[in-house]
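Structural characterization, general
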Amino acid sequence: MIHKTEAEIAMMKEAACLVSKSLTEVAKVLKPGMTTLQIDKICADFVKDHKAIPSFYNYRGYPHNVCASVNDVVVHGFPNNLPLKEGDIVSIDMGVILNGWHGDHAYTFILGEVSEEVVQLVKVTKESLYKGIEKATINNRVGDISYAIQAHTEGKYGYGVVRELVGHGLGKSLHEDPQVPNYGKRGSGPKMKENLVLAIEPMINLGSREVYTDDDGWTVRTRDGKPSVHFEHDVCIKRNEALILSDYSIIEAAEKANSNLNSSYY
Ligand code: MF3
Ligand code: CO
């Protein structure tokens, strides 16, 4: 596992916050009728204007700048030309390289009215991310993060925790050790030391945890067709409390100010 210096952490915070800012641009304008390809362009233009490179493009052949995962798509949805509709939920996952350092995080938006159970799924998935982050301190083990996420989602609400995809270390590479599953046992896995940076990313299904990948080789969907939610933060391990490098506060402020988005769960 690679531990960063304080100067490197500062650069990684810049990269993570650039992703937050690009997701904020999305939160400002997102509305029914917009397509996910339009969102892809907003994000790509924004980061290129800020001297950064969209990192997903061409990563293992990925053909777009962002992942746009709508409703039953768990993660890695291709942006497309279909207009988003009232009642959709969409996770936008964006990665950048800024001055050689990766930022990689995601946020799920609700367009207008959705059922109470979907609002709760979004709320609880975001809460579970913070439950995991609470455990991201030195001398804890990765399994403590995993357990906290699983307990809050599967344990408390009976949601399906996706097993096939996991969070990860982050740095000069998009994916570094360790893997960070969203399920696991307390006290298991590698012990964490100061200035390890993790991308923690719960992927939580309303129904069963079973997923499959589309013929395009990327798009991961729920088997039962029910919705799935994805949130992701970049966090740095510290002694008493993790340092969150990405910033939801600016995204949330734009979300609340946009009447086309549903923020009723706050
Ligand atoms: N947040 C995802 C991950 O960490 C994004 C990867 S999409 C890819 O794995 F296209 F870059 F693969
Ligand atoms: Co990630």
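Everything here concerns the structure above.
Now for a look at the structure at hand.

Rules used in this analysis
- Residues numbered from 1 in each chain as written.
- Chains lettered and ligands numbered in written order.
- Predicted model: local features only at pLDDT ≥ 70, side-chain atom pairs only at ≥ 80, totals over all residues.
- Heavy atoms only, no water.
- Helix = DSSP H or I, 4+ residues; strand = E, 2+ residues; numbered from the N terminus.
- Rg over C-alpha atoms; globule rule 2.2 N^0.38 Å.
- Buried < 20%, exposed > 50% of the residue type's maximum accessible area, 1.4 Å probe, protein only.
- Areas by Shrake-Rupley, 256 points an atom, 1.4 Å probe, with all protein chains shown as cover.
- Near = heavy atom within 4 Å.
- Polar contact = N/O pair within 3.5 Å; in protein donor to acceptor, adjacent residues only side chain to side chain.
- Nonpolar A, V, L, I, M, F, W, Y, C, P; charged D, E, K, R; others polar.
- Axes fitted to C-alpha atoms, helices over the stretch in contact; angles between N-to-C directions.
- Parallel < 35°, antiparallel > 145°, perpendicular 65-115°, else oblique.
- Left-handed = near helix turned anticlockwise from the far one by under 90°.
- Contact = heavy atoms within 4.5 Å.
- Expected span 1.5 Å × (residues − 1).
- Arc of directions from axis to C-beta.
- Donors = N, O, S within 2.8 Å, 3.2 Å for Na, K, Ca; no water.
- Tetrahedral: all angles 85-135°; square planar, octahedral: opposite > 155°, others 65-115°.
- Pairing = 2+ DSSP bridges.

1. Some remarks on the overall build of the protein
Counting its secondary structure elements, the protein contains five helices and 15 strands. At 17 Å, the protein has a C-alpha radius of gyration in line with the 18 Å of a compact globule built from 266 residues. Principal-axis analysis of the C-alpha atoms gives the protein an extent of 45 × 45 × 35 Å. Across the 266 residues that make up the protein, the buried fraction comes to 56%. Of the roughly 11,100 Å² of accessible surface on the protein, 49% is carried by carbon and sulfur atoms.

2. Some words on the site of ligand 1
Taken together, 13 residues lie around ligand 1, and Tyr62, Asp93, Asp104, His168 and His175 are the ones closest in. Note that an oxygen atom of ligand 1 is positioned 2.8 Å from one of the side-chain N or O atoms of histidine 175. Contact distances for ligand 1 include 3.1 Å between a nitrogen atom and a side-chain N or O atom of glutamate 232. Burial of ligand 1 by the protein amounts to 95% of the accessible area it has alone, namely 330 Å². Partitioned by chemical class, the residues of the shell around ligand 1 number six nonpolar, three polar and four charged.

3. Remarks on the packing of helix H1 (residues 6–29) against helix H2 (residues 36–49)
At their nearest, the axes of H1 and H2 sit 9 Å apart, and the two run at 140° to each other. Considering their axes alone, H1 and H2 lie oblique with respect to each other. For the pair H1 and H2, the sense of crossing is right-handed. Together, Leu18, Lys21, Ser22, Glu25, Val26 and Val29 of H1 and Ile39, Ile42, Cys43, Phe46 and Val47 of H2 make up the contact between the two elements. For the contact of H1 with H2, the per-class residue count stands at eight nonpolar, one polar and two charged.

4. Observations concerning H2
Because each turn of an α-helix spans 3.6 residues, side chains separated by three or four positions in sequence point in the same direction. When the terminal C-alpha atoms of H2 are compared, their 20 Å separation across 14 residues agrees well with the 20 Å that a helix rising 1.5 Å per residue should span. What H2 keeps buried is the set Thr36, Ile39, Asp40, Cys43, Ala44, Phe46 and Val47. An end-on view of H2 places all buried positions within 165° of arc, on one side of the element. Structural note: H2 exposes Lys41 and Asp49 on the side pointing more than 90 degrees away from its buried face. The inward-facing, buried residues of H2 contact H1, strand S1 (53–54), strand S2 (66–70) and strand S4 (89–98). Directly after H2, the chain includes lysine 51, whose backbone phi takes a positive value near 60°.

5. Focus: the side chain of serine 146
Relative to the assigned elements, serine 146 resides in helix H4 (residues 142–157). Not counting residues up to four positions away in its chain, the partners in contact with serine 146 are Pro181, Asn182, Tyr183 and Gly184.

6. Describing the coordination of the cobalt ion (ligand 2)
Surrounding the cobalt ion (ligand 2) are the protein donor atoms Asp104 (OD), His168 (NE2), Glu201 (OE) and Glu232 (OE), at 2.1 to 2.3 Å. Of note is the cobalt ion (ligand 2), whose six donor atoms meet at the metal with angles of 68 to 173° in an arrangement that counts as irregular. Mapped onto the sequence, the residues coordinating the cobalt ion (ligand 2) show the spacing D-x63-H-x32-E-x30-E. With a gap of 97 residues between them, aspartate 104 in strand S5 (residues 101–110) and glutamate 201 in the loop between strand S9 (197–200) and strand S10 (203–205) connect regions that are remote in the sequence. With respect to burial, aspartate 104 and glutamate 201 carry one shared label: buried.

7. Here we look at the pairing of S5
Counting buried positions over the 10 residues of S5 gives 10, a clear majority of the element. Of the strand pairs in this sheet, S4 and S5 are connected by 10 bridges, and their pairing is antiparallel. Bridge pairing links valine 90 to phenylalanine 109 in S5. Following S4, the chain reverses through two residues before pairing antiparallel with S5; asparagine 99 in that reversal takes a positive phi of roughly 50°.

8. Some details on the packing of H1 against helix H5 (residues 248–257)
In the contact formed by H1 and H5, the axes pass within 8 Å of each other and the chain directions differ by 5°. The orientation of H1 with respect to H5, classified from their angle, is roughly parallel. Judged by residue contacts, Ser20, Lys21, Leu23, Thr24, Ala27 and Lys28 of H1 engage Ile250, Ile251, Ala254 and Glu255 from H5. Class assignment of the residues belonging to the contact of H1 with H5 gives a composition of five nonpolar, two polar and three charged.

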